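# Chains, contacts and geometry: an overview
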Amino acid sequence: MRAARAVDYVVSSPARKLDIREANEARILRAAEKTFALHGFRGATTEAIASEAGLPKANVHYYFKTKEDIAAAVIEQYRVHMAGIAQVAEKRPTARERILSMLDSLACDCDAIAHSGCPMGPLCVEFGKRDTALREEANRLLLRMIEWVERQFAGMARADARALAIQLVSTV
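Structural notes, computed from the coordinates. Computed from a prediction, not measured in an experiment: that's the story for all the values here.

### Side note on the nonpolar core
Among the nonpolar cores identified, the biggest contains 45 residues, and Phe36 and Ile70 are the most heavily contacted of them. When residues of this core are traced back to their parent elements, those giving at least two are α2 (14-43), α3 (46-53), α4 (57-63), α5 (67-89), α6 (95-107), α8 (120-128), α9 (133-155) and α10 (161-171). No other element matches the 11 residues that α5 contributes to this core. In contact with Ile70, other than residues within four places in its own chain, are Leu29, Ala32, Phe36, Thr46, Ile49, Val60 and Phe64.

Right, dumping it as structure tokens:
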């Protein structure tokens, strides 16, 4: 009986529950990225996301109350990812090398993007047509990316830095 209680304590410890929560949220967000990339926001359902994650639909709703909450988390995850890429690139000595570093980092994601597509493109296009908080979040993400790339091109003394930045961000 004591062994069973010890096992119950280990399984239900707060740290273990946090690990399970983080793992489930990560599974849901990976599944959402894939589902949004394949079907767009409107075509994606929480049921399809749950199926892709291998979790019951009720679990998805436990972690994220709405599909909008899931999309907001995907956008935030992508923002953090892009900030990390920029932070690594900033260590390079020249603007050209920083841009190449960013592109190199993004190239590491090519297999996933080739398989499922990039979730941000469809989300940004769909949210651009709606007046929602998600539209503002997606716009801020793209604007930050464009502004960072624009600063790099400006550092290369390019008069067309803004146009080049928009072109580059729209192709990655």
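Right, picking up where we left off after that structure.
### Quick notes on the environment of Arg96
The topology assignment puts Arg96 in helix α6. Between the alpha carbons of Arg96 and Met156 there is a distance of 7.1 Å; along the sequence they are 60 residues apart.

### Considering the packing of α5 against α6
Two elements in contact, α5 and α6, have axes separated by 8 Å at closest approach and are oriented at 140°. As the angle between them shows, α5 and α6 are arranged oblique. Our pair here, α5 against α6, has a crossing hand that is right-handed. On α6, the residues that touch Met82, Ile85, Val88 and Ala89 of α5 are Arg98, Ser101, Met102, Ser105 and Leu106.

What counts, and at which threshold
Position numbers for residues start from 1 in each chain and track the written sequence from start to end. Where local features are concerned, this predicted model is filtered to residues with pLDDT of at least 70; where side-chain atom pairs are given and counted, the filter is 80 or more; whole-chain, interface and lining totals use all residues. Excluding hydrogens and water, the side-chain values take into account all heavy atoms of the structure. The criterion is simple. A nonpolar core is a set of buried Ala, Val, Leu, Ile, Met, Phe, Trp, Tyr and Cys residues joined through side-chain atoms within 4.5 Å. Each residue is placed in one exposure class: buried if its accessible area under a 1.4 Å probe, protein chains only, is under 20% of its type's maximum, exposed if it is over 50%, and partly exposed if it falls in between. For helices the rule is a DSSP run of H or I covering at least 4 residues; for strands it is a run of E covering at least 2, with both sets numbered from the N terminus onward. Only heavy atoms enter the contact rule, under which two residues are in contact if any of them lie within 4.5 Å. Here, axes are lines fitted to C-alpha atoms. For helices the fit covers the stretch in contact, and angles between N-to-C directions go from 0 to 180 degrees. Note on terminology: angles under 35 degrees are roughly parallel, angles over 145 are roughly antiparallel, angles of 65 to 115 are roughly perpendicular, and the others are oblique. By convention, the crossing between two helices is left-handed when the near helix turns anticlockwise from the far helix through less than a right angle, and right-handed when the turn is clockwise.

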